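Listed below are the residues making up each chain.
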Amino acid sequence: MKLRIIVTLKPGVLDPQGKAIEHALGSLGFAGIESVRAGKLFELDVADDTSDEAIDAMCRQLLANTVIEKYRVEKAA
Amino acid sequence: MKSAVIVFPGSNCDRDIAVALREVSGSAPAMVWHRETELPADLDLVAVPGGFSYGDYLRCGAIAARSPVVAAVHAAAARGVPVIGICNGFQILTETGLLPGALMRNTGLDFVCRDAALTVANTDTRFTRGYAADEAITIPVAHHDGNYVADADTLDRLEGEGRVAFRYAEPVNGSARDIAGIVSEGGNVLGMMPHPERRIEAAHGGTDGRRLFEGLLAAVA
């Protein structure tokens with residue numbers, strides 16, 4: 001089973017990297033950039049019988065720092 | 001003073017803190033590799049050093065915080081053993097939940113490596129008793145991710161309970177409420193981004209860091 005786990009900063013957490021990217025897009029002449037938030041994408045290949053609980057635990061215990069980040073899991077066939 | 005320094009792959013201030021502890025206390029710390037599951041008995045201090053453990057992969061300190069030895073550090077902290085985490089050590093202590101909050105990329109996005117003016121925010125901790133109240137000191141910083149972040153309730157609680165040990169006296173990295181170092185609820189765990197072990201003898205350009213270790217030593221003796 002293939003998983004895509006997307007980790008992003010929680011709303012309200014300032015994102016200096018996203019801000020820098022936003023400014024760089026503006027410098028390139030792209031108009032109308034209202035906001036950029038940077039995050040992380042993990043692609044996992046796991047055993048088909050891996051439970052949702054186990055996947056959630058992986059996210060909470062390691063892949064995301066839930067003090068500042070949230071995560072969402074997408075399953076692909 | 002019987003101390004231990006935890007060594008991770010990518011630690012690079014482990015020898016600096018070992019020298020500082022030896023110079024101040026007269027006895028060399030045990031160097032404990034991250035794969036160990038136990039710490040030496042009867043420790044007076046556990047030090048989690050600065051560096052770039054695991055190349056800062058995933059998040060600074062994230063992988064190190066899941067090392068076997070960290071369970072032993074938790075157990076020692078729960079027994080009341082003083083634990084100090086400096087720079088990457090601070091990041092590791094927040095990642096493992098011994099200290100609240102998180103350390104994010106500096107708001108200026110630059111790696112900041114220079115002397116930083118600090119204020120001792122609370123002298124009533126075992127780590128800061130060697131300083132005067134509100135004393136201005138200078139200790140170097142060297143980090144890319146030292147921007148302390150926590151929710152407003154946590155920040156209020158840290159301030160209300162006197163758990164902010166050090167503050168920046170000038171803009172350094174965008175830290176919430178200028179926080180440079182905090183202690184745990186029990187007061188025996190300190191995390192700080194500045195490097196006191198780099199300011200222990202005159203040849204370093206000052207000795208403002210030395211008094212942190214002297215204060216700890218006095219508390220043990």
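About the criteria used
- Residues numbered from 1 in each chain as written.
- Chains lettered and ligands numbered in written order.
- Predicted model: local features only at pLDDT ≥ 70, side-chain atom pairs only at ≥ 80, totals over all residues.
- Heavy atoms only, no water.
- Core = buried A, V, L, I, M, F, W, Y, C linked by side-chain atoms within 4.5 Å.
- Buried < 20%, exposed > 50% of the residue type's maximum accessible area, 1.4 Å probe, protein only.
- Helix = DSSP H or I, 4+ residues; strand = E, 2+ residues; numbered from the N terminus.
- Contact = heavy atoms within 4.5 Å.
- Salt bridge = Lys/Arg side-chain N within 4 Å of Asp/Glu carboxyl O.
- UniProt positions renumbered as here; feature names shortened; annotations may be inferred.
- Polar contact = N/O pair within 3.5 Å; in protein donor to acceptor, adjacent residues only side chain to side chain.
- Buried area = accessible area lost by both parts, 1.4 Å probe.

A short note on the nonpolar core
Residue and element names in this part refer to chain B.
Part 1 of the reasoning: Ranked by size, the top nonpolar core spans 66 residues in total, and within it Ile6, Leu39, Val46, Tyr148, Phe166, Leu190 and Leu212 carry the most contacts.
Part 2 of the reasoning: With 6 residues, the single largest contributor to this core is helix 2 (residues 68–78).
Part 3 of the reasoning: Excluding its chain neighbours within four sequence positions, the residues that come into contact with Leu212 are Ile84, Phe127, Tyr131, Phe166, Leu190, Met192 and Pro196.

With respect to the pattern of salt bridges
Residue and element names in this part refer to chain A.
Part 1 of the reasoning: This model, assessed by the stated rule, comprises 21 salt bridges over all chains.
Part 2 of the reasoning: With its nearest N and O atoms 3.7 Å apart, the salt bridge here joins Glu69 to Lys40. In this pair, Glu69 sits in strand 3 (residues 69–76) while Lys40 sits in strand 2 (residues 39–45), placing the two residues 29 residues apart along the sequence.
Part 3 of the reasoning: With a closest N to O distance of 2.5 Å, Asp52 and Lys75 form a salt bridge. Taken as a pair, Asp52 in helix 2 (residues 52–63) and Lys75 in strand 3 lie far apart in primary sequence, 23 residues in all.
Part 4 of the reasoning: Residue class for Asp52 comes out partly exposed when judged on its relative accessible area of 47%.

Notes on the UniProt feature "active site" (unreviewed entry) in chain B
Residues and elements named next belong to chain B.
Part 1 of the reasoning: Annotation from UniProt places "active site" (unreviewed entry) at Cys87, His195 and Glu197. In summary, the annotated positions, though distributed over 111 residues, converge in three dimensions, the widest C-alpha pair being only 11.0 Å.
Part 2 of the reasoning: As for its placement among the helices and strands, Cys87 is situated in the loop between strand 4 (83–86) and helix 3 (88–95).
Part 3 of the reasoning: A relative accessible area of 6% means that Cys87 is categorised as buried.
Part 4 of the reasoning: The residues contacting Cys87, other than those within four sequence positions of it, are Gly50, Ala142, His143, Met192, Met193 and His195.
Part 5 of the reasoning: On the secondary structure map, Glu197 appears in the loop between strand 11 (189–192) and helix 5 (210–220).
Part 6 of the reasoning: Residue Glu197 is classed as buried on the basis of its relative accessible area of 3%.
Part 7 of the reasoning: For Glu197, the side chain forms a polar contact with the side chain of His195, separated by 2.8 Å.

Brief notes about the interface of chain B and chain A
Part 1 of the reasoning: Contacts between the two partners involve 14 residues from chain B, matched on the other side by 16 residues from chain A.
Part 2 of the reasoning: Counting the surface lost from both chain B and chain A, the interface buries some 1100 Å², and carbon and sulfur atoms represent 69% of this.
Part 3 of the reasoning: Contact with chain A buries surface across chain B, with Leu58, Arg59 and Met104 of chain B losing the most and accounting together for 45% of the total.
Part 4 of the reasoning: Along the contact surface separating chain B from chain A lie 1 salt bridge.

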